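Commentary on secondary and tertiary structure
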Amino acid sequence: MRISLFRRMSVDIASLRLKYKTPKEVFTEESIVKKEPFSLFNQWFQDALNTPEILEPNAIALGTVNKEGFPSLRYVLLKDYSPAGFTFFTNYGSRKAQEIQDNPNVAMTIYWTPLRRSIRIEGVASKIPREESEKYFHSRPRASQIGALASPQSTAIPSRQYLDDIESEIKAKLGEDGEVPLPNWGGYLVVPRTIEFWQGQTNRLHDRIRFKKFDGDVSALDAKVTHVGEDGWIYERLAP
């Protein structure tokens, strides 16, 4: 009975299709005003900010690899971006932080479904200065500060009540106005080596343009497929 009910209610996942862009909406190299990735990232990010259906435009998947070579993936919130790189914050005792310490090579992916756009970033992560982490930490809502102090992120705990008890103890100790001390917590800056921009096409001939940092001899590049950009970047179109 349970098996037949499950079969009646199941969805044919293989048949799921989402309509992407039309041939009139292709993403071309000519549409990139400045031939470096950060200006384009900012343009796409602003589009995401102005799209009401996207509730958290800065939610980004972060991939790390431990010293045994096993990958792990989770979502974090992107809190800053500039030509210097991409910044997120976390507990320095968390699994992601431990894996970054062992292997600083990371990957990040952001996907905005209503825009049919995705951006992939590969680079190296390192801690930002403590004073920058502290400044951002104290700009957060007080409840979030206390939550970060209360949580031994990624460690096994006995119950939800365990966290609630720690939170209550911190609130009682600090009172209503006491400054929340910075825990073992702070930011990472991801300095990118490659940034790929993807835009979906309904015919599955998706647009993919990848920027790569390059400090070699540009005359050795295949000019048919690789183009010299600005600020030390090269770019090329990838087959979908």
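Quick look at the structure, then. (Residues numbered from 1 in each chain as written. Predicted model: local features only at pLDDT ≥ 70, side-chain atom pairs only at ≥ 80, totals over all residues. Heavy atoms only, no water.)

What to know about the layout of surface pockets
Computed from the structure, the largest pocket encloses a volume of approximately 290 Å³. Along its surface, the largest pocket is lined by 16 residues, and Phe89, Thr90, Arg140, Gln153 and Trp185 are the ones closest to its centre. Within the residue set of the lining of the largest pocket, elements represented by two or more residues are β2 (71-77), β4 (85-91) and α5 (142-150). With four residues, the top contributor of residues to the lining of the largest pocket is β2. Taken together, the residues of the lining of the largest pocket break down into seven nonpolar, five polar and four charged. (1 Å grid on protein atoms, 1.4 Å probe; cavity = no way out; pocket = protein on both sides within 12 Å on 5 of 7 lines; lining within 4 Å. Points joined across faces, edges and corners; volume = space filled by probe spheres on them. Helix = DSSP H or I, 4+ residues; strand = E, 2+ residues; numbered from the N terminus. Nonpolar A, V, L, I, M, F, W, Y, C, P; charged D, E, K, R; others polar.)

Topic: the pattern of salt bridges
Overall, the coordinates contain twelve salt bridges when judged by the stated rule. Across the pair Arg237 and Glu29 runs a salt bridge, and its minimum N-O distance is 3.0 Å. You can see Arg237 sitting in strand β10 (residues 233-237) and its partner Glu29 sitting in the loop between α1 (2-9) and α2 (37-49), a full 208 residues away along the chain. Given the relative accessible area of 16%, Glu29 is considered buried. For Glu167, the salt bridge goes to Lys171, with nearest N and O atoms at 3.8 Å. One end of the pair is Glu167 and the other is Lys171, both in helix α6 (residues 160-174) and four residues apart, which spans about a single turn. Taking relative accessible area as the criterion, Glu167 reaches 26% and is therefore assigned partly exposed. Looking at Lys171, the relative accessible area reads 43%, which means it is partly exposed. Salt bridges here are not isolated pairs; linked through shared partners, they connect Arg120, Glu122, Glu196 and Arg208. (Salt bridge = Lys/Arg side-chain N within 4 Å of Asp/Glu carboxyl O. Buried < 20%, exposed > 50% of the residue type's maximum accessible area, 1.4 Å probe, protein only.)

Focus: a nonpolar patch on the surface
A surface patch of nonpolar side chains, about 340 Å² in accessible area, is lined by Val11, Ile13 and Leu16. Relative to the helices and strands, Ile13 resides in the loop between α1 and α2. By relative accessible area, which is 65% here, Ile13 ends up exposed. (Patch = residues over 30% accessible without salt bridge, like charges linked within 9 Å, V, L, I, M, F, W, Y side chains within 5 Å. Areas by Shrake-Rupley, 256 points an atom, 1.4 Å probe, with all protein chains shown as cover.)

Points about the nonpolar core
Core analysis: the biggest nonpolar cluster contains 35 residues, and Phe41, Phe86, Trp112, Ile119 and Phe197 have the highest contact counts within it. Here this core gets six residues from one element, more than from any other, and that element is α2. One finds Ile128, Ile146, Ala150 and Leu182 within the second-largest nonpolar core, a separate group that totals eleven residues. (Core = buried A, V, L, I, M, F, W, Y, C linked by side-chain atoms within 4.5 Å.)

Re the pairing of strand β7 (residues 185-199)
Within β7, twelve of the 15 residues are buried, which leaves it mostly tucked inside the rest of the structure. Where β4 meets β7, six bridges bridge the pair, whose relative direction is antiparallel. Its bridge partner being in β7, Phe88 is matched across the sheet by Tyr188. With eleven bridges joining them, strand β6 (residues 117-127) and β7 adopt antiparallel strand pairing. Residue pairing for β7: Gly123 is matched across the bridge by Pro192. Strand direction decides the pairing type here: β7 and strand β8 (residues 207-213), joined by six bridges, are antiparallel. Within β8, the position partnered with Thr194 by the bridge is Lys212. (Pairing = 2+ DSSP bridges.)

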